[in-house]
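# Coordinate analysis (summary)
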Amino acid sequence: MKLLNASVCASKGFKASGVHCGIRKNRTKKDLALIYSEVPATCCAVYTTNLVKGAPLTVTKNHIANGVAQAVICNSGNANTCNANGIEIAEQTCSLLAKELNINANDIVVASTGVIGQPLDIEPIANGIPSLVSALSENGEHDASEGIMTTDTVAKEVAVEFEIGGKTCRIGGIAKGSGMIHPNMATMLVFITSDVAISQAMLQKALSSDIENTFNMVSVDGDTSTNDMVTVLANGMAKNKLIDSEGEDFDIFMKALNTVTVHLCKMIAGDGEGATKLLECSVSGAKDLKTAKIVAKSVICSSLLKAAMFGADANWGRVLCAIGYSGADVDVNTIDVSFKSNKGTIDVCKNGAGVDFSEEIAKEILLEKEIEILVKVGEGEYSSKAWGCDLTYDYVKINGDYRT
């Protein structure tokens, strides 16, 4: 498995672009993105669990019901949610793009992100689509990544190269996500491309299985978005033997997909609104996977712990507190807690009770940009990880006037 300095255009046959069309007032920020496959691709997606859903999700779900897509278009700056004509706008977007690309409108995935409940005018999108299509390039992935950003401070891009049956294959992805990030699926916009030949059933199985241990284990602020989804397009241009059942080839594909999604999870968590630190909670010793996941999620979601990490305060009691109200079936008298970073590891709790440790060393460890919270909850065989970030003053500043 080889990491590449690329993303959605790493996969053969894919091009991308991003432009400013006028949805956002700041003309220096791109607000419309496009990903295009030279040939129709196998497609699958997972969607937000929020009962309030953006119109683009409804349209996309209908469009890819046949398991095929050839393009993805996404605007930022307006979520196209809770609008009376939201479906119409999303369908119009696809029709305009289809005409420009000379493809079927039903083969287009449409997405939006930004402010909820604001009217969305089709005019800037209509005016921007021609330049968006003309800008399509095998080097346009970074522009596309910028085009889907809202409060994100960095673009989120990754790709991997691997072999299946002697054929060189690739998977790449871009993501947006900074606020309104919380399990369960989905909690961000993620667009993944691959040149692997794989059936729609197996592609959906791979994605649905993967998100349970990746995107569903990310939390920034406890709010699940209305618009978000993860979409995968696989166009088969790597010419590997079609993956239509489980086996070695499917396992390789799953590993590659997971490598991409874990990288994107960490990027999303580390770029949480106002965040200064990436937090990773690693749970081990659980009696089953469900227990491990419940513990990891509860710890990473604790506002008190997140605040303590911002202040580099080794307040391990907040870890135990989060485990205690998580609902996980664990013996609190077996819990061990350690904090780890590039500066080292320090044990702060053994068998549910505090141990002597140096506050100075602990602070030095917790002042780093990436912090791992190690939790052992027994002698079981199961483990899990969750990702989040610290809670800072800037989170409130960003969201205090997000709309205005």
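Here goes a summary of the coordinates provided. Just so we're clear, the structure is a prediction, and the values are computed from it rather than from any experiment.

Before going further, it helps to examine the overall build of the chain. A tally of regular secondary structure across the chain gives 11 helices and 15 strands. Computed over its C-alpha atoms, the radius of gyration of the chain comes to 22 Å, within 12% of the 22 Å expected for a compact globule of 404 residues. Each principal axis of the C-alpha distribution contributes one length, and for the chain these read about 70 × 55 × 35 Å. Looking at the 404 residues of the chain, the share that counts as buried comes to 57%.

Now for helix α1 (residues 55-63). Three or more residues of α1 are buried, namely Ala55, Pro56, Leu57, Val59, Thr60 and His63. On the buried face of α1, the contacting elements are β3 (32-47), β4 (68-78), α2 (86-101), β5 (108-115) and β9 (229-234).

Turning next to the environment of threonine 153. Relative to the assigned elements, threonine 153 resides in the loop between α4 (141-147) and β6 (156-164). By relative accessible area, threonine 153 is classed as exposed at 61%. Sequence-wise, threonine 153 and lysine 176 are 23 residues apart; in three dimensions their C-alpha atoms are separated by 9.9 Å. A distance of 2.4 Å separates the side chain of threonine 153 from the side chain of aspartate 271, its partner in a polar contact.

Our focus in this paragraph is the environment of threonine 60. Looking at where threonine 60 falls in the secondary structure, it is placed in helix α1. In this structure, threonine 60 is in contact with Tyr47, Val109, Val110 and Met229, ignoring residues within four places of it in sequence.

Our focus in this paragraph is the side chain of aspartate 271. Topologically, aspartate 271 is positioned in the loop between α6 (248-270) and β10 (278-286). Aspartate 271 gets classed as buried once you look at its relative accessible area, which sits at 6%. For aspartate 271, the side chain forms a polar contact with the side chain of lysine 156, separated by 2.6 Å.

The strand order β13-β12-β11-β14-β10-β15 describes an open sheet built from six strands, whose pairing is mixed. In this open sheet, the two edge strands, each paired with only one partner strand, are β13 (353-354) and β15 (382-389). Sheet topology note: the strand β11 (residues 336-341)/strand β12 (residues 344-350) ladder contains five bridges and is antiparallel. Counterpart to phenylalanine 339 in the pairing with β12 is isoleucine 346. Contacts from α6 reach β10 and β15 within the one sheet, and its direction differs from that of β15 by about 40 degrees. Strand contacts of helix α10 (residues 359-366): β11, β12 and β14 (370-376), with the helix running at about 120 degrees to β12, the strand carrying the most contacts.

When two helices pack together, their arrangement is captured by the angle between the axes and the distance separating the axes. Orientation of α1 relative to α2, taken along the N-to-C sense of each, is 55 degrees, at an axis distance of 8 Å. Comparing their axes, α2 and α1 come out oblique. Judged by the sense of rotation from one axis to the other, the crossing of α1 with α2 is right-handed. Note on element contacts: α2 touches α1 through Gly86, Ile87, Ala90, Glu91 and Cys94, opposite Ala55, Pro56, Thr58, Val59 and His63.

To continue, consider the state of the cysteines. Counted by the stated rule, this structure contains zero disulfides. Of all cysteine sulfurs in the structure, the one in cysteine 44 sits closest to cysteine 169, which takes part in no disulfide; the separation is 17 Å. Left without a disulfide partner, cysteine 265 is nearest to the cysteine sulfur of cysteine 389, which lies 13 Å away. Accessibility expressed as a relative area gives 0% for cysteine 265, which makes it buried.

On to the packing of helix α7 (residues 289-301) against helix α9 (residues 317-324). Orientation of α7 relative to α9, taken along the N-to-C sense of each, is 130 degrees, at an axis distance of 8 Å. When the axis of α7 is compared with that of α9, the two are oblique. The handedness of the crossing between α7 and α9 is right-handed. For the pair α7 and α9, contact is made by Val295, Ser298 and Val299 and by Val319, Ala322 and Ile323, respectively. A class-by-class count of the residues in the contact of α7 with α9 yields five nonpolar, one polar and no charged.

Turning our eyes to something else, we now look at the pattern of salt bridges. One pass over the full model with this rule turns up 12 salt bridges. A salt bridge links lysine 205 to glutamate 246; the shortest N-O distance between them is 2.2 Å. Of this pair, lysine 205 sits in helix α5 (residues 200-211) while glutamate 246 sits in the loop between β9 and α6, and the two are 41 residues apart along the sequence. Linking lysine 266 and glutamate 280 is a salt bridge whose minimum nitrogen-to-oxygen distance equals 3.7 Å. Of the two residues, lysine 266 is situated in helix α6 and glutamate 280 in strand β10; the sequence distance between them amounts to 14 residues.

Next up on the list: unusual backbone geometry. Positive phi values are uncommon outside glycine, yet lysine 239 reaches one of about 65 degrees. Note that lysine 239 resides in the loop between β9 and α6. With relative accessibility at 62%, the residue lysine 239 sits in the exposed group. Phi is positive for alanine 312, which is not a glycine, with a value near 55 degrees.

On to the pairing of β11. Judged by how many residues are buried, β11 sits mostly within the fold: five of six residues are covered. Pairing geometry for β11 and β14, over five bridges, is antiparallel. Residue pairing for β14: serine 338 is matched across the bridge by leucine 374. The antiparallel hairpin formed by β11 and β12 contains two residues in its connecting segment.

What counts, and at which threshold
- Counting restarts for each chain, with residues numbered from 1 along the sequence as it is written.
- Note on the predicted model: pLDDT of at least 70 is required for a residue's local features to be given, and 80 or more for side-chain atom pairs to be given and counted; whole-chain, interface and lining totals, by contrast, use all residues.
- As a rule here, side-chain values cover all heavy atoms of the structure and leave hydrogens and water aside.
- Helix and strand labels come from DSSP, where a helix needs a run of H or I of at least four residues and a strand needs a run of E of at least two; each type is numbered from the N terminus.
- Atoms counted for the radius of gyration: C-alpha only. Globule rule: 2.2 Å times residue count to the power 0.38.
- Relative accessibility under 20% of the residue-type maximum defines a buried residue, over 50% an exposed one, and the middle range a partly exposed one, all with a 1.4 Å probe and only protein chains included.
- Throughout, a contact is declared for two residues whenever any of their heavy atoms are within 4.5 Å.
- Identification of polar contacts relies on pairs of N or O atoms within 3.5 Å, with a donor-acceptor requirement for protein atoms, meaning one able to donate a hydrogen and the other able to accept it, and with residues adjacent in sequence counted only if both atoms are side-chain atoms.
- We call two strands paired when DSSP finds no fewer than two bridges between them.
- Axes, fitted as lines to C-alpha atoms, cover a helix only where it is in contact. Angles between the N-to-C directions of the axes lie from 0 to 180 degrees.
- Here roughly perpendicular refers to angles of 65 to 115 degrees, roughly parallel to angles under 35, roughly antiparallel to angles over 145, and oblique to all remaining angles.
- Each crossing gets its hand from how the near helix is turned against the far one by less than a right angle, where anticlockwise is left-handed and clockwise is right-handed.
- Cysteine sulfur atoms are paired as a disulfide whenever they come within 2.5 Å of each other.
- Each residue receives one of three labels: charged for Asp, Glu, Lys and Arg, nonpolar for Ala, Val, Leu, Ile, Met, Phe, Trp, Tyr, Cys and Pro, and polar for the others, Gly being one of them.
- What counts as a salt bridge is simple: a side-chain nitrogen of Lys or Arg found within 4 Å of a carboxyl oxygen of Asp or Glu.

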